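Residue-level structure breakdown
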Amino acid sequence: MAQNHWLVKSEPAKYSFDDLVRDGKTVWDGVRNNQAAIYLRSMKLGDQSLYYHSQEGLAVVGIAKVVREAFPDPTDASGRFVAVEFAPVRPLPRPVTLTEMKATPALAGMAMLRQFRLSVSPITPDEWRTILGLGGEG
DNA sequence: GCCAACGTTGGC
DNA sequence: GCCAACGTTGGC
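Residues numbered from 1 in each chain as written. Chains lettered and ligands numbered in written order. Predicted model: local features only at pLDDT ≥ 70, side-chain atom pairs only at ≥ 80, totals over all residues. Heavy atoms only, no water.

With respect to the environment of Leu134
We count it as follows: We count a stretch as a helix when DSSP gives it H or I for four or more residues in a row; a strand needs E for two or more, and each element gets its number in order from the N terminus. Each residue's exposure class comes from its accessible area (1.4 Å probe, protein chains only) as a fraction of the maximum for that residue type: buried when under 20%, exposed when over 50%, partly exposed otherwise. What makes two residues a contact is simply this: any of their non-hydrogen atoms within 4.5 Å.
With respect to the element layout, Leu134 can be found in helix α6 (residues 125-134). Here Leu134 falls in the partly exposed class, since its relative accessible area comes to 23%. With 68 residues separating them in the primary sequence, Leu134 and Val66 have C-alpha atoms 23 Å apart. If we ignore the near neighbours within four places in the chain, the residues touching Leu134 are Arg94, Val96, Thr104 and Leu107.

Here's what the structure looks like:
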């Protein structure tokens, strides 16, 4: 089965892409939203994810990949939620801002734009290519 | 700092 | 099981 693509949000003040590069990998825990948890559960080893900075920056700044598939979130006592582990792949040559994404017709259907509160969302192959193109790749 | 969106909780 | 109140997220 083909790899899936994702987008994850993080507040850079709490955990930025640079922090991920420094650490080599990180446990993506603390997700307390059912829809986001469903996406976490469907992530496969090697799936790549856009790394988006919320609150500050408001841009996709890099690419991360799944290095451990879903397991019970160690910070969740209820046992309902899961975590995964991400490792950095590479930063984008140029950040892609939320403004740019909103202004790009090909991205109008993006899950993240339509439901901005989702902290984990799927990215279609077309959206993936489009965003990497905007970021100076491809 | 404000407020819209939206998920969750709890009273009934 | 409905729905109002409340809490959280995140753009602006």
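From this point, the narrative continues.
Side note on the packing of aromatic side chains
In plain terms, the rule: Working definition: rings of Phe, Tyr and Trp (its six-membered ring) pair if their centres are within 6.5 Å, and the pair is stacked with planes under 30 degrees apart, edge-to-face with planes over 60 apart, and tilted otherwise.
Evaluation of the coordinates by the stated rule reveals four aromatic pairs. Both rings, one in Phe17 and one in Tyr51, keep their centres 5.3 Å apart while their planes meet at 65°; by these two values the pair is edge-to-face. Separated by 34 residues along the polypeptide, Phe17 in helix α2 (residues 17-23) and Tyr51 in strand β3 (residues 48-53) bring together distant segments of the chain. The two residues Phe17 and Tyr51 agree in class, both being buried.

Observations regarding the protein's contact with DNA strand C
Stated precisely, the cut-off is as follows: The rule for a residue being near a molecule or strand is that one of its heavy atoms must lie within 4 Å of it. Side-chain atoms alone can form a polar contact between residues adjacent in sequence; in general such a contact is a pair of N or O atoms within 3.5 Å, and within protein one must be able to donate a hydrogen while the other accepts it. The residue classification treats Ala, Val, Leu, Ile, Met, Phe, Trp, Tyr, Cys and Pro as nonpolar and Asp, Glu, Lys and Arg as charged. All others, Gly included, are polar.
Around DNA strand C, the neighbouring residues are Lys9, Tyr52, Ser54, Gln55, Leu58, Leu98, Lys102, Phe116 and Arg117. Here, DNA strand C places atoms within 4 Å of the protein, and 71% of those atoms are sugar or phosphate. Here a phosphate oxygen of DNA strand C and a side-chain polar atom of Lys102 are 2.5 Å apart. Of the residues belonging to the surface near DNA strand C, the class tally is four nonpolar, two polar and three charged.

Quick notes on the protein's contact with DNA strand B
The environment of DNA strand B is made up of Asn33, Asn34, Arg114, Gln115, Phe116 and Arg117. In this structure, a phosphate oxygen belonging to DNA strand B sits 2.8 Å away from a side-chain N or O atom of Gln115. One of the side-chain N or O atoms of Arg117 is found 3.4 Å from a base nitrogen in DNA strand B.

These figures come from the coordinates and say nothing about function on their own.
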